[in-house]
Every structure is written in structure tokens, then in C-alpha cells.
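# Summary of the model geometry
As a plain string of letters, each chain reads:
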Amino acid sequence: MLGKIALGFLVTTVACSAYVMQDGFVHVSVDESAKNGTHLHLVVPAELATIAAHFAPPKKFAEHQRELRTLLPTLKLSAQELVKLPDSVLVEVRDANQHVLICKAGDGISIEEESPKEHVKVWVPLHAIYDTAAVLQEKAEDGTD
Amino acid sequence: MNLRSIGTRVGLGAAILAGTLLAGATFRAQTNTSSLWIHVRVENPDNKDETVRVNLPVALAEILVSSVDHDQLHHGHINISHHADLNGVDLRAMVEAVKSAPDGEFVSVKSRDQDVHVSKQKGFLLIRVNDSTRKDKQEVDVRVPMSVVDALISSSKGSDDLDLGAALRALASHGDSELVNVKDGKETVHIWLDSKNDGD
């Protein structure tokens, strides 16, 4: 009996993990140069963003309807287009104090900012951007009915 | 051996070969236009710490330009009515006149410190400006295919509206192109189109 429960628990855990991991992970890393500065390194399942989008309050969509109507389809189309590209530097801005780099890296987009104060790096899977934008767009359209 | 059947076979073989070559050429043409990248470089040879590099596929640039609805840019159309310099100028009529004119120089303004030339050569609109009125001498070289200039105004919504989306589509079908070269003092701005994703 206990074996069956354990097996059920294991199967459920594996299924949930597989579902959560299907879109990969969002990587966030923040390193402040100050003596007691923050050093934050997060690896979050990207599926969480899509799940969170389902719970976004409809009132907020009504407030920003015009912007979202343009932004969300653009995000979806851009993610679809970016995923086809080879790894590339898309934008690089460098001056004496700051270096900003936006790249297509693997199946995701990487945004990096380096300055004497801090080094921030974020990598987001493109599938997660597409899925989250799709959910938000669906919700925004439901709100207009 | 049946000669008729040999002729039929040769004909069939030739048709298959022609079809394959045609399909290959079409596929190659499609690949070329869809994989073009726009590159922008802002550099200063004296200061390697200050650079801007932008590499965007034309397809993505078109999506972005067509989606933005902000300020003067509305879904691929840009409004230039706020440019006081263009007051009273009918851009559409001007482009039509340039299109139908033979190759040659249309505008040449020379003054002590400024030199402006606008001409048409082999399907390109060329604009050259040399300005030494500023502290740092400025040289601007713009080279735009006439098909792109035409696309800018062909589906515009009025005399002060330019169709940037259509221009990008026209640019993509044109292939590798040098578009803009600016030398402002020691700083250079270079905008061009090719099939490389890094532009180097």
C-alpha cells in the first residue's frame, strides 16, 4: 500500500516537474560591487510566469488596454521570429561607464548590463515570453467583451 | 531501342531538371530576402569605449516598426508633418519627378562651408552633404535604392506620411546594400544591410 502511495507521489512529482520545466528556466543574476552589495542568483521555472499570467487581475488590463493591444502581439511575433535566429548580438551599447548587451543566446534572450556599480544578467527562454504574452493577450481580449 | 521513348525520357528528364533548378533558385531567393540583417555601428576610433552596435534581422525590424504606435510612428507609418523644413513640399510629386527623370544630379548647393548634392544613379538616390560650418567637419553619404524611396510614399496616407514598413520590405528584396555613412568629427555612423548576423 505504502509503495503504491510512494509511486503515485513520485509519478505526480515527475509529471509536475516536467510540466514546470517544459519552458525552461529564467536566470537572473545581480552582483553589486559595493562592499556589502547584493549578490543574487536566481533560477526560476519560466512556466511560473505563464501560470502567474493566468491570475493577473482583469481590471489592470482595462486600464492599459491600448498599450497591451499593441505590445502583446508584438512580443509574440518577436519571440517567434527570434527563435529562428542563430546566436547573435542584437544590441550593444558601450560607453566609459556602462556596457549593455542584448543577445539571442540558445533558445532565449539574454540581457546584460555592466557598470562600476553592478553587473546584472537576465536570460529568458523565448517560449516563455511567447506563452506568457499569449495568456495575457487572451485575458486582455476577454476583458474587452 | 525506341527513339520516341528516348525523346520522351530526355524531355521528362529536362523538365525535372528545369523544375528542380527553378525550385532551387526560388528557394535561394526566398532565403536571401528573409535572412537579411540591418546593421548600425556608431564608433569613435579615438575612443574604443564608446560604441553602439545594432544587428537586427529585417523581418524582425519590420515586425517592430509595424507594431509600434507611439509618438510619430503609427503601425509602420511615420508622420513627418512636424518637420518645418518640409512645409509646402509635396514629397509624392517630388519622388514621382525623380523616378521618371534620367540619371543625373538634381540638386547641387555649394556655399563657402556647405556642399549638398542630390542625384540619381543606376536605380539609387544619392545624397551627399559636406558641412564645415560646425566645429567638427561633417560628411553625410546616403544611398537609397529608388524602389525603397518609392515604397516609402506609394502606400502613404498623405503628403506628410511615410510608409516605413513598405520601405523595409522593399529593402529586404533588394539584397546587400550600403545605406548611410556619416562622419561627424571623429565619430562615424554606418548603416548597411547584408546576410551576416554579426555584420563583421
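Residues numbered from 1 in each chain as written. Chains lettered and ligands numbered in written order. Predicted model: local features only at pLDDT ≥ 70, side-chain atom pairs only at ≥ 80, totals over all residues.

### So, the pairing of strand β6 (residues 104-110) of chain B
All names here are of chain B. Counting buried positions along β6 gives zero out of seven residues, so the element sits mostly on the surface. Sheet topology places β6 next to strand β7 (residues 114-121); six bridges connect them, and they run antiparallel. By the bridge assignment for β7, Val 107 is matched with Val 118. Taken together, β6 and the strand that follows it, β7, pair antiparallel across an intervening segment of three residues. (Buried ≥ 20, exposed ≤ 12 C-beta atoms within 10 Å, placed from the backbone. Helix = DSSP H or I, 4+ residues; strand = E, 2+ residues; numbered from the N terminus. Pairing = 2+ DSSP bridges.)

### A short note on the sheet that holds strand β3 (residues 69-70) of chain B
Residue and element names in this part refer to chain B. Reading across from one edge, β3-β4-β5-β10 is the order of the four strands in this open sheet, with antiparallel pairing throughout. Sheet topology places β3 and β10 (161-163) at the edges, where each strand pairs with a single neighbour. As judged from the two bridges shared by β3 and strand β4 (residues 73-74), these two strands associate in the antiparallel manner. For Asp 69, the partnering residue across the bridge sits in β4 and is His 74. Set on the sheet, helix α5 (residues 164-172) makes contact with β5 (77-79) and β10; between it and β10 the angle comes to about 35 degrees. (Contact = placed C-beta atoms within 7 Å. Axes fitted to C-alpha atoms, helices over the stretch in contact; angles between N-to-C directions.)

### Regarding the confidence of the model for chain B
Residues at a pLDDT of 70 or more form 77% of chain B, whose mean pLDDT is 79. Taken together, the chains of this predicted complex give a pTM of 0.75 and an interface ipTM of 0.76. (pLDDT = per-residue confidence, 0-100.)

### Here we look at the nonpolar core
What tends to happen in soluble globular proteins is that the nonpolar side chains get buried as a cluster. Ranked by internal contacts, the top residues of the largest apolar core, which has 38 residues, are Val 124 and Ile 129 of chain A together with Val 148, Leu 152 and Ala 167 of chain B. Only α4 (65-83), β6 (118-125) and α5 (126-144) of chain A together with β1 (37-43), α2 (58-67), α4 (146-154) and α5 of chain B provide two or more residues apiece to this core. Setting aside chain neighbours within four positions, we find Val 124 of chain A in contact with Val 26, Ala 46, Gly 108, Ile 109 and Ile 129 of chain A. (Core = buried A, V, L, I, M, F, W, Y, C linked by C-beta atoms within 7 Å.)

### Looking at the packing of α2 of chain B against α5 of chain B
Residues and elements named next belong to chain B. One way to put it is that α2 packs onto α5 with a least axis distance of 9 Å and a crossing angle of 170 degrees. Taken together, the axes of α2 and α5 are roughly antiparallel relative to one another. Along the contact surface, α2 presents Val 58, Ala 61, Glu 62, Val 65 and Ser 66, while α5 presents Leu 164, Gly 165, Leu 168, Arg 169, Leu 171 and Ala 172. Of the residues assigned to the contact of α2 with α5, the class counts are seven nonpolar, two polar and two charged. (Parallel < 35°, antiparallel > 145°, perpendicular 65-115°, else oblique. Nonpolar A, V, L, I, M, F, W, Y, C, P; charged D, E, K, R; others polar.)

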